[in-house]
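Close look at the chain arrangement
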Amino acid sequence: MSMYGRDPWGGPLEICPDSATDDDRSRNLDIDRGALSRTLDETQQSWLLAGPGDQGRKKKKYVDIGCLVVSRKLFVWTLGVLLAAAVFAGVVAGIAKAIPRRHRPTPPPDEYTVALHKALMFFNAQRSGKLPKHNNVHWRGNSCLKDGLSDPAVRRSLVGGYYNGGDAVKYNFPAAFSMTLLSWSVIEYSAKYEAVGELGHVRDIIKWGADYFLKTFNSTADSIDRVVAQVGSAATSPGSTQPNDKYCWMRPEDIDYPRPVVECHACSDLAAEMAAALAAASIVFKDNKAYSQKLVHGAATLFQFARDRRGRYSAGGSDAAKFYNSTSYWDEFVWGSSWMYLATGNSSYLTLATHPKLAKHAGAFWGGPDYGVFSWDNKLTGAQVLLSRLRLFLSPGYPYEEMLRTFHNQTSIIMCSYLPIFKSFNRTKGGLIQLNHGKPQPLQYVVNAAFLASVFSDYLEAADTPGWYCGPHFYSIEVLRSFARTQIEYILGKNPLKMSYVVGFGNHYPKHVHHRSASIPKNGVHYGCKGGWKWRDTKKPNPNIIHGAMVAGPDRHDGFKDVRKNYNYTEATLAGNAGLVAALVALSGEGHGVDKNTMFSAVPPMFPSPPPPPAPWKP
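Here the structure is a predicted model, which means the values were calculated and not measured.

Attention now goes to the overall build of the protein. Along the protein, the regular secondary structure elements total 21 helices and 7 strands. Long-range pairs, those at least 24 residues apart, make up 72% of the contacts in the protein between residues at least 6 apart in sequence. By element, 57% of the accessible surface of the protein is carried by carbon and sulfur atoms, the whole surface being about 30300 Å².

Here you go:
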């Protein structure tokens, strides 16, 4: 057996590359070439294979790990030490993890988020009909379960919806605007709603309103000839003692007098606003395809009715003319067609929304004292902001670009009017902007402006635009956000009276809200039409706190009278709270930004049409 043969373990003896030189090998071979030529016996071979001093002892065992041969005993010890160290480290880590630690507490929510939770609760307090178990307003119950059925001229269920304010009338015009505004805020800021755990709640609020609107007309038909305008009566003719929702002061749960239904056959403003509400809601509920399509169909039917049967819903001496008078329907046409386009992607609606004559009738080209004041009556400003969004993110181009650019420019002018330097609107000494020029109930207009300023600033930021121009002067988007914050902070308590105008927020807020349910205890006693007057007239605070209700607000001198009978100070409304919710969610949280894509989920890819060629040149 040659010494260069295989070793006893089956491998070559020289495992690693031989580093010896040729001279070394020659010298070793010269030592005893004769000896190498002899055949070695088994004992001699074992001597050669054994190291010095190993003869006669037990052979070592080795482990081959590539380029290295190590003692198996050393290998086992090393491996054991490593495993023991790993087990020890795991035990130490487990003990350390089990030891209770003092984690840094989660930072408290900002004041806008706290107020948002409360403001949404107001809608739960305004619900009519059979209440869901999760309504969470303990002093409310089922009410007006015969609405529509008790009116011999209607004879169909109109149960549900919302009471508009402190009485029990259901006005569809301001209620529809409220639902449109809430839907708009959800489409833009659904992530913020979800982050604070309110997305499901606000969607439920919107659905409650949308389901009721579907009851107020034949929503399965393609064409209609009437729509319900209101349920309940607020007629207050001098000397009248007829029980109704204004004259009586009683809980809705106890109402036992007739509640007439008012239908209209020519009400473009109402129908277009209800179409906007259903169209906006269809985007909110796009994850429920069947329900979303149901809303879109109803919206299309209403909008066609609005276009076919022209007229103001509040014409004449109706209740609506006294409490929620609509000055025109042109702004609802721009507003409604904008939402119809976003809900359907049908370009005919966009063509209508950007028609110059329609814009002219709606007042887009002239100022006036109420220009830029967004409210349940005037939707033009909201429509201009909404269409500016379309231009910033999609840029449809010809043939819409000219009017979209006009709307965008007008929006910029309106945003300038909100800044104190331009003196378009007066301010109280405490800093509250007077969008209604010192008239009562100012806060509903203020919160709408705060929302528009916030959402427009987020549009600009999403479009990588740092600000906008007011004449030659450039203002950053932070200026707009600062305006919105200062106005909302005034409402939440940073005002001369140090009073929060949102019930339940802070320690100092109105205690005598003009609200029937809140002012009458739920004690099992049925207080009749006049029986509740004692609760209306008492100077004691309301026994029930209507959390989140934003009252009408202070006067132009920052004064406020916490008097139940004076609704110009103490009444809360759906439209006011919808604007408050929208502004609060826009300002809440640490980050800014809107959901750029959900608004356009129904809009197909846009390929702008080329403009027509110029007329042939003539000398």
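For the rest of this paragraph, the subject is a nonpolar patch on the surface. Taken together, the side chains of Val 87, Val 91 and Ile 95 make up a nonpolar region of the molecular surface, amounting to roughly 270 Å² of accessible area. In this structure, Val 91 sits in helix 4 (residues 72-98).

The probe, sized like a water molecule, is rolled over the atoms to show the empty space still left. Put simply, the largest pocket is a space of about 1100 Å³. Forming the walls of the largest pocket are 48 residues, and the residues nearest its centre are Asn 325, Ser 375, Trp 376, Asp 377 and Tyr 445. Those elements giving two or more residues to the lining of the largest pocket turn out to be helix 10 (319-323), helix 13 (356-362), helix 14 (380-393), helix 16 (443-462), helix 20 (567-570) and helix 21 (574-587). When residues in the lining of the largest pocket are grouped by element, the largest group, 3 residues, is from helix 10.

Next up on the list: the sheet that holds strand 5 (residues 261-264). Pairing within the open sheet is antiparallel, and its 3 strands lie in the order 3-4-5. Two strands in the sheet have a free side with no partner beyond their single neighbour: strand 3 (170-171) and strand 5. Examined bridge by bridge, strand 3 and strand 4 (residues 227-231) share 2 bridges and lie antiparallel to one another. Residue pairing in the sheet places Tyr 171 in a bridge with Gln 230 of strand 4.

Attention shifts here to helix 7 (residues 199-215). Compared with the 24 Å implied by 1.5 Å per residue over 17 residues, the 25 Å span of helix 7 between its first and last C-alpha is a close match. Listed as buried for helix 7 are Leu 199, His 201, Val 202, Ile 205, Ile 206, Trp 208, Gly 209, Ala 210, Tyr 212, Phe 213 and Leu 214. Along its buried surface, helix 7 packs onto helix 5 (111-125), strand 3, helix 6 (172-195), strand 4, helix 8 (268-284) and helix 9 (289-308).

The next point concerns the pairing of strand 7 (residues 473-476). Relative to strand 7, strand 6 (residues 467-470) runs antiparallel, the two being bridged by 4 bridges. By the bridge assignment for strand 7, Cys 470 is matched with His 473. The loop that links strand 6 with its antiparallel partner strand 7 comprises 2 residues; one of these, Gly 471, has a positive phi angle of about 65°.

With respect to the helices and strands, the residue Asn 507 is situated in the loop between helix 17 (477-492) and helix 18 (516-519). Among the residues examined, Asn 507 registers a relative accessible area of 78% and is labelled exposed. With 14 residues separating them along the chain, Asn 507 and Gly 493 place their C-alpha atoms 9.6 Å apart.

Cis geometry marks the peptide bond from Tyr 398 to Pro 399, where omega comes out at 5°. Here Pro 399 is to be found in the loop between helix 14 and helix 15 (401-417). Although it is not a glycine, Asn 136 sits at a positive phi angle of roughly 65°. For Asn 136, the position within the fold is in the loop between helix 5 and strand 3.

Applying the stated criterion to the full structure yields 3 disulfides. Put simply, Cys 264 and Cys 267 are joined by a disulfide, and their sulfur atoms are 1.9 Å apart. In this structure the cystine formed by Cys 264 and Cys 267 twists about its S-S bond by roughly 65°; its chirality is therefore right-handed. Each member of the pair, Cys 264 as well as Cys 267, is classed as buried. Each bonded cysteine in the protein gets a number by its place in the sequence, and the pairs come out as 1-6, 2-3, 4-5.

Now for the packing of helix 6 against helix 7. Running from N to C, helix 6 and helix 7 cross one another at 150°; their axes reach a closest spacing of 9 Å. With respect to helix 7, the element helix 6 is oriented roughly antiparallel. Once helix 6 is placed against helix 7, the crossing between them reads as left-handed. Taken together, the residues of helix 7 that come into contact with helix 6 (itself represented by Asn 172, Ala 175, Ala 176, Met 179, Leu 182, Ser 183, Val 186, Ser 190, Tyr 193 and Glu 194) are Leu 199, Val 202, Ile 205, Ile 206, Gly 209, Tyr 212 and Phe 213. Classifying every residue of the contact of helix 6 with helix 7 gives 12 nonpolar, 4 polar and 1 charged.

Let's shift gears to the nonpolar core. By size, the foremost hydrophobic cluster in this structure holds 167 residues, and its most contacted members are Trp 184, Trp 339, Tyr 418, Phe 451 and Ile 488. Excluding its chain neighbours within four sequence positions, the residues that come into contact with Tyr 418 are Gly 372, Thr 381, Arg 427, Ile 433, Leu 435, Ala 449, Leu 452, Ala 453 and Phe 483. Residues Cys 144, Tyr 247, Cys 248 and Cys 529 belong to the second largest nonpolar core, which totals 9 residues.

In this numbering, the UniProt entry assigns the feature "active site" (unreviewed entry) to His 514, Asp 562 and Glu 571. Judged by maximum C-alpha separation, these annotated positions cover 58 residues in sequence but sit close together in space, the widest gap being only 10.2 Å. Considered against the largest pocket, the annotated residues that line it turn out to be Glu 571. Tracing the backbone through its elements, the reader meets His 514 in the loop between helix 17 and helix 18. Among all residues touching His 514, those that are not within four sequence positions of it are Gly 166, Trp 249, Arg 564, Lys 565, Tyr 567, Thr 570 and Glu 571. Examined against the element boundaries, Glu 571 turns out to sit in the loop between helix 20 and helix 21. Take Glu 571: its relative accessible area is 14%, and that puts it in the buried class. When neighbours within four sequence positions are excluded, Glu 571 is seen to be in contact with Gly 165, Gly 166, Asp 167, His 514, Met 550, Val 551 and Ala 552. One polar contact links the side chain of Glu 571 to the main-chain amide nitrogen of Gly 166, over a distance of 2.8 Å.

Analysis parameters
- Residues numbered from 1 in each chain as written.
- Predicted model: local features only at pLDDT ≥ 70, side-chain atom pairs only at ≥ 80, totals over all residues.
- Heavy atoms only, no water.
- Helix = DSSP H or I, 4+ residues; strand = E, 2+ residues; numbered from the N terminus.
- Contact = heavy atoms within 4.5 Å.
- Areas by Shrake-Rupley, 256 points an atom, 1.4 Å probe, with all protein chains shown as cover.
- Patch = residues over 30% accessible without salt bridge, like charges linked within 9 Å, V, L, I, M, F, W, Y side chains within 5 Å.
- Salt bridge = Lys/Arg side-chain N within 4 Å of Asp/Glu carboxyl O.
- 1 Å grid on protein atoms, 1.4 Å probe; cavity = no way out; pocket = protein on both sides within 12 Å on 5 of 7 lines; lining within 4 Å.
- Points joined across faces, edges and corners; volume = space filled by probe spheres on them.
- Pairing = 2+ DSSP bridges.
- Expected span 1.5 Å × (residues − 1).
- Buried < 20%, exposed > 50% of the residue type's maximum accessible area, 1.4 Å probe, protein only.
- Disulfide = S-S within 2.5 Å.
- Axes fitted to C-alpha atoms, helices over the stretch in contact; angles between N-to-C directions.
- Parallel < 35°, antiparallel > 145°, perpendicular 65-115°, else oblique.
- Left-handed = near helix turned anticlockwise from the far one by under 90°.
- Nonpolar A, V, L, I, M, F, W, Y, C, P; charged D, E, K, R; others polar.
- Core = buried A, V, L, I, M, F, W, Y, C linked by side-chain atoms within 4.5 Å.
- UniProt positions renumbered as here; feature names shortened; annotations may be inferred.
- Polar contact = N/O pair within 3.5 Å; in protein donor to acceptor, adjacent residues only side chain to side chain.

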